[in-house]
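Reading the structure
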Amino acid sequence: MDSFDAPAPSDEHRFPCDNCGSDFRYDPEADNLTCDHCGNSQEISAGPWGGGSLKELDFRSAVSGDMPAAEIEETRVVSCPNCGAQTAFDQTVHSAECPFCATPVVTDTGTHRHIKPKGLLPFAFDERTARGKMTEWLGGLWFAPNGLKEYARKGRSMSGIYVPYWTFDADTKSNYSGARGTHYYETKTVVRDGKREQVRVRKTRWRAVSGRVARFFDDVLVLGSKSLPKKYTDALEPWDLSEMEPYQPEYLAGFRAEGYQIELEDAFVEARAYMDRVIHRDAKFDIGGDEQRVNSVETQIGTLTFKHVLLPVWMAAYKYRGRTYRFVVNGRTGRVQGERPYSAIKIAIAVIIGLILAAAVGFVLAQTQ
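We now turn to the structure provided with this report.

**Brief notes about unusual backbone geometry**
The step from glutamate 237 to proline 238 runs through a cis peptide bond, and the omega angle for that step is 10°. The backbone phi angle of aspartate 193 is positive, close to 55°, even though this residue is not glycine. Along the polypeptide, aspartate 193 turns up in the loop between β12 (159-192) and β13 (195-223). Although it is not a glycine, aspartate 219 sits at a positive phi angle of roughly 55°.

**Observations regarding the environment of serine 64**
Take serine 64: it is sitting in the loop between α1 (59-63) and β5 (72-76). Separated by 3.1 Å, the side chain of serine 64 and the backbone oxygen of arginine 60 make a polar contact.

**Some words on the side chain of aspartate 282**
Tracing the sequence through the fold places aspartate 282 in helix α5 (residues 264-287). Here aspartate 282 falls in the buried class, since its relative accessible area comes to 16%. Polar side-chain contacts of aspartate 282 include one of 2.7 Å to the side chain of arginine 215. Excluding its chain neighbours within four sequence positions, the residues that come into contact with aspartate 282 are Val213 and Arg215.

**Examining the pattern of salt bridges**
Where charged atoms of side chains with opposite charge meet at close range, the side chains can pair. In this structure the tally under the stated criterion is 14 salt bridges. Two residues, glutamate 71 and lysine 55, come together in a salt bridge whose shortest N-O distance is 3.9 Å. In this pair, glutamate 71 sits in the loop between α1 and β5 while lysine 55 sits in the loop between β3 (41-42) and β4 (57-58), placing the two residues 16 residues apart along the sequence. Looking at glutamate 71, the relative accessible area reads 9%, which means it is buried. When the shortest N-O distance is used, the salt bridge between lysine 230 and aspartate 234 registers 2.7 Å. Within this pair, lysine 230 and its partner aspartate 234 are both found in helix α4 (residues 230-235), separated by four residues, close to a single helical turn. Its relative accessible area of 33% is what places aspartate 234 among the partly exposed residues.

Each value, and the rule that gives it
Residues numbered from 1 in each chain as written. Predicted model: local features only at pLDDT ≥ 70, side-chain atom pairs only at ≥ 80, totals over all residues. Heavy atoms only, no water. Helix = DSSP H or I, 4+ residues; strand = E, 2+ residues; numbered from the N terminus. Polar contact = N/O pair within 3.5 Å; in protein donor to acceptor, adjacent residues only side chain to side chain. Buried < 20%, exposed > 50% of the residue type's maximum accessible area, 1.4 Å probe, protein only. Contact = heavy atoms within 4.5 Å. Salt bridge = Lys/Arg side-chain N within 4 Å of Asp/Glu carboxyl O.

Below you can see the structure in the form of structure tokens.
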């Protein structure tokens, strides 16, 4: 991406209240900008940042460095020395904790040069609701330490983070070769316990086949961040991408946005692996029969486009007894994922109770014999 001509770092977008001058923030419940100081509100109107459909960008032009400068921007970020997350902070904030790992960080004047977001999913509920969903999830973990549950329930507020993703659209046509297996049965005489018996034996007759399948992939989603374990973010799916809005900075008012760490070409490697798995499945379906073998697949990709998008995640990272526990909540559906803490005391008690119950059952069985 270094061959792109990028503009100078852009000024941070601020949205002062037209009533008192304080900053607006985006209110997910009201779906508008709200001033916490005086209660004034303002609708988000379509402007030069958004409106209309989400524009796809040509992948091949992007990787060759042939992208308009208008599609590139630089934002001021702080890099966490522990997990490497690059997060945009308000210009008035000079120190904070990393929302991804709870490591204390001091903001710097570094910049992150990246492809502009084309769309985002706005947060659908506020921090109080997200905290309630997280504590409810923690409450369902039998072996979680009570201290951590209480600490999380009374701890600092969760952070609303827009996490970077890539989406890919691809028009594919694939030629395959393989074999179709058809089951048939033969009768065979066997000897069992000195007796001759006839049994049916299943066999498979294979026939070489070849064919062609086509599929259009729409919005293949790839995480653009390395700050959280992928198993957590994958488990937050599905995302209602059909509800995505064209990018407007007003939606980021009061929230943070993470810069992507996985570059476009690397993200497509993951997207292509997913496409290949689906095409392989399509080929097996096209072969038919009772069993299928796919020996080779040659895929041609026609139109190939992408978008950089932002998806909403409520996040909490707590340091408890020397360990960091991270929890994430899908900012649209409320689905929760995180590191499952275990209490050694609770596990020991459960083991003791299990041994007592096993001994009791054994005693009862011995008495009945």
